[in-house]
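Chain by chain, the residues:
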Amino acid sequence: MRLWSRELWQLAWLASLGTSIGWLLDAAGLGLASGLAVYLFYHLRQLRALYRWLTLQPHDEPPAAQGIWGELFDRLYRYQKSQRITQNRLRSTLARIQESSEAMRDSVVMLDRHGDLEWWNSAATKMLGLQTAHDRGQHITNLLRDPGFISYFNARHYSEPLTLTSPIDERCILQYQITLYGDDERLVMARDITRLHRLEQMRRDFVANVSHELRTPLTVLSGYLETYGDLAEQLPPRLGKGIHQMQEQTQRMQNLVNDLLLLSRLEIDQSGKDHQPLSLGPLLQSVCEDALALSDQRHTITIALDSKARLLGSEQEMRSAISNLAFNAVRYTPPGSHITLRWQDSQAGGACIDVEDNGEGIDPVHIPRLTERFYRVDKGRSTTTGGTGLGLAIVKHVLLRHDAQLLIESHPGKGALFRCIFPASRLS
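Nothing here was measured: the structure is a model prediction, and the numbers come from that model. (Residues numbered from 1 in each chain as written. Predicted model: local features only at pLDDT ≥ 70, side-chain atom pairs only at ≥ 80, totals over all residues. Heavy atoms only, no water.)

(A) Quick peek at the overall build of the protein chain. Counting its secondary structure elements, the protein chain contains 12 helices and 12 strands. Computed over C-alpha atoms, the radius of gyration of the protein chain comes to 39 Å, more than 25% over the 22 Å expected from 2.2 N^0.38 for 428 residues, which places it beyond the range of a compact globule. Judged by the C-alpha coordinates and their principal axes, the protein chain covers about 150 × 45 × 40 Å. A burial count over the protein chain gives 37% of its 428 residues as buried. (Helix = DSSP H or I, 4+ residues; strand = E, 2+ residues; numbered from the N terminus. Rg over C-alpha atoms; globule rule 2.2 N^0.38 Å. Buried < 20%, exposed > 50% of the residue type's maximum accessible area, 1.4 Å probe, protein only.)

Here you go:
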């Protein structure tokens, strides 16, 4: 305020002086105009100095001035200096980020809000074939033209990574992960998982081959035990009991081998050639009869058909998935429990298959791991229930092949709900 008061006093003094001189010369108006012109000339000169400083010599010291112009120059200089320090700090931070990204073995690609390439590290040049000379500013889908990547990019649902072959080397397997940030900008990460993919393929082949090789000796062993089992009454009780136990364990091993072979086939075969519209009523009725036979009528099983939609899928695979859920409900609930098989519309526009029971329930801490192979909530019941520990893993892979997901809700003492949720694209 002191500077503004000073300026006003200067303006008033020049106006008064000009008016007084003009009054003496009998031209008071001309004198006032002259005083104001002197004041305006001074400010225009300072404005010209400000303009020349900002446009021609912005990094030099500000022009020397007094009054409000001197304060303005000083404030602009201090602001400019702080901005320069901030910019240098940001440049240093960006340089460190780029250096660290260059040191990464994974590809890092930055895209603007339109999906155009802004920056990438050297790993992206090796993995994706991006060239700095002519690819900057190009849209990402013009360079990564795999239909799977284009669909993944446009879907804008990046919770799960995408696995594809490298666009420049078919022997290289890449895993893409896109992250949204800032003003609808994207960060594309690509990781070379060729070694992991090969190890996984080797594991699948090993399990499939070993399971297949075990099938023949188990079949022979089971045949001979069945023959001897028919003569069990003529054998000593101790020997007859041993044969009966061998039959049970042989059957358990056969079930395990069959589940391993089915799981391997689900992982390897992704064709989906046998998918067709399925009516869930007869399928649930068939599963219900099998579950009642396993339960020996010790459970109550009901069917609820609340949707008329048909499911596009494989009848054999869906029977396997629903049977595993129903058989688990029979095995892990006490006699007298009630089990419901339900087909109903979902709130998201699709439909779902529910297998619900009012048994003992499951502690929520176990739910994230239930679909792992051979994972059991109660280790002590691994042999008494007769399960192989692969049922829910099979269910998960069947649902993945049908674009569906498994939702599990359970609490101790409140039963369990296993819900298979199918999108609208799988209904007819």
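Anyway, onward from the coordinates.
(B) Region of the structure containing the pattern of salt bridges. The final tally for this structure, using the stated rule, is 12 salt bridges. A salt bridge links arginine 319 to glutamate 315; the nearest nitrogen and oxygen atoms lie 3.6 Å apart. Pair noted here: arginine 319 and glutamate 315 are both in helix 11 (residues 315–331), with a separation of 4 residues, about one helical turn. The class for glutamate 315 is partly exposed, based on a relative accessible area of 38%. Note that glutamate 372 is salt-bridged to arginine 369, the shortest N-O span being 3.0 Å. Take glutamate 372: its relative accessible area is 34%, and that puts it in the partly exposed class. Judged by its relative accessible area of 40%, arginine 369 is partly exposed. Among the charged side chains, a salt-bridge network with shared partners connects Asp306, Arg342, Asp354, Glu356 and Arg419. (Salt bridge = Lys/Arg side-chain N within 4 Å of Asp/Glu carboxyl O.)

(C) View of the environment of histidine 402. Checked against the element boundaries, histidine 402 lands in the loop between helix 12 (391–401) and strand 11 (405–410). Measuring from C-alpha to C-alpha, the distance between histidine 402 and histidine 157 comes to 18 Å, with 245 residues separating the pair along the chain. Beyond its immediate sequence surroundings of up to four residues, histidine 402 is in contact with His275, Leu312, Gly313, Ser314, Glu317, Met318, Phe422, Pro423 and Arg426. A polar contact of 3.0 Å, which involves the side chain of histidine 402, links it to the backbone nitrogen of serine 314. (Contact = heavy atoms within 4.5 Å. Polar contact = N/O pair within 3.5 Å; in protein donor to acceptor, adjacent residues only side chain to side chain.)

(D) Quick look at the sheet that holds strand 3 (residues 162–165). Within the open sheet, the 5 strands sit side by side as 2-1-5-4-3. Their pairing is antiparallel. Two strands in the sheet have a free side with no partner beyond their single neighbour: strand 2 (117–120) and strand 3. Each strand of the sheet is rotated relative to its neighbour by a mean of 25 degrees, with strand direction disregarded. Alignment of strand 1 (residues 107–111) against strand 2, held across 3 bridges, turns out to be antiparallel. What sits directly across from methionine 110, in strand 2, is tryptophan 119. Where helix 7 (residues 147–155) meets the sheet, its contacts fall on strand 1, strand 3, strand 4 (173–181) and strand 5 (185–192), and the angle it forms with strand 4 comes to roughly 20 degrees. (Pairing = 2+ DSSP bridges. Axes fitted to C-alpha atoms, helices over the stretch in contact; angles between N-to-C directions.)

(E) Quick peek at helix 2 (residues 28–56). Between its first and last C-alpha atoms helix 2 spans 42 Å; for 29 residues at 1.5 Å apiece the expected length is 42 Å, and the two agree. Among all positions in helix 2, only Gly31, Gly35, Tyr39, His43, Gln46, Leu50 and Trp53 are buried. (Expected span 1.5 Å × (residues − 1).)

(F) Inspection of the sheet that holds strand 9 (residues 338–345) at higher detail. Read across the sheet, 5 strands follow the order 7-9-10-12-11 without closing on themselves; strand pairing throughout is mixed. Pairing within the sheet leaves two strands with one partner each, and these edge strands are strand 7 (300–305) and strand 11. Across the sheet, the mean angle from the axis of one strand to that of its neighbour is 15 degrees, orientation sign disregarded. On the sheet, helix 10 (residues 280–295) packs against strand 7, strand 9 and strand 10 (351–357) and is oriented at approximately 175 degrees with respect to strand 7. Along the sheet, helix 11 contacts strand 7, strand 9, strand 10 and strand 12 (416–422); its crossing angle with strand 10, the most-contacted strand, is approximately 20 degrees.

(G) A look at the pairing of strand 9. Counting buried positions over the 8 residues of strand 9 gives 6, a clear majority of the element. Here strand 7 runs beside strand 9; their pairing, made up of 6 bridges, is parallel. Across the sheet, the residue bridging to isoleucine 303 is leucine 341, located in strand 9. As judged from the 7 bridges shared by strand 9 and strand 10, these two strands associate in the antiparallel manner. Note that in strand 10 the partner of glutamine 344 across the bridge is cysteine 352. Linking strand 9 back to strand 10 in an antiparallel pair, the connection comprises 5 residues, with glycine 349 at a positive phi of about 105 degrees.

(H) Broad picture of the packing of helix 9 (residues 237–268) against helix 12. At a minimum axis distance of 10 Å, the contact between helix 9 and helix 12 shows a crossing angle of 25 degrees. On the basis of their axis angle, the class for helix 9 and helix 12 is roughly parallel. The interaxial crossing formed by helix 9 with helix 12 has left-handed handedness. Note on element contacts: helix 12 touches helix 9 through Ala393, Ile394, His397, Val398 and Arg401, opposite Asp259, Leu262, Leu263, Leu266 and Glu267. Considering only residue class, the contact of helix 9 with helix 12 consists of 6 nonpolar, 1 polar and 3 charged. (Parallel < 35°, antiparallel > 145°, perpendicular 65-115°, else oblique. Left-handed = near helix turned anticlockwise from the far one by under 90°. Nonpolar A, V, L, I, M, F, W, Y, C, P; charged D, E, K, R; others polar.)

(I) Summary view of the side chain of histidine 397. One can find histidine 397 in helix 12. Assessed through its relative accessible area of 15%, histidine 397 is described here as buried. Those residues in contact with histidine 397 that sit more than four places away from it in its chain are Leu263, Leu266, Glu267 and Arg373.

(J) Spatial organisation of a nonpolar patch on the surface. Taken together, the side chains of Trp13, Leu17, Ile21, Trp23, Leu24 and Leu25 present a nonpolar region at the surface, about 770 Å² in accessible area. With respect to the helices, strands and loops of the structure, leucine 17 is situated in helix 1 (residues 2–24). (Patch = residues over 30% accessible without salt bridge, like charges linked within 9 Å, V, L, I, M, F, W, Y side chains within 5 Å. Areas by Shrake-Rupley, 256 points an atom, 1.4 Å probe, with all protein chains shown as cover.)

(K) Focus on unusual backbone geometry. With a phi close to 60 degrees, aspartate 184 is a non-glycine residue in the positive phi region. In this structure, aspartate 184 sits in the loop between strand 4 and strand 5. The exposure class of aspartate 184 is partly exposed, given its relative accessible area of 30%. The backbone of aspartate 403 sits at a positive phi, close to 60 degrees, despite the residue not being glycine. Turning to its location among the elements, aspartate 403 is positioned in the loop between helix 12 and strand 11.

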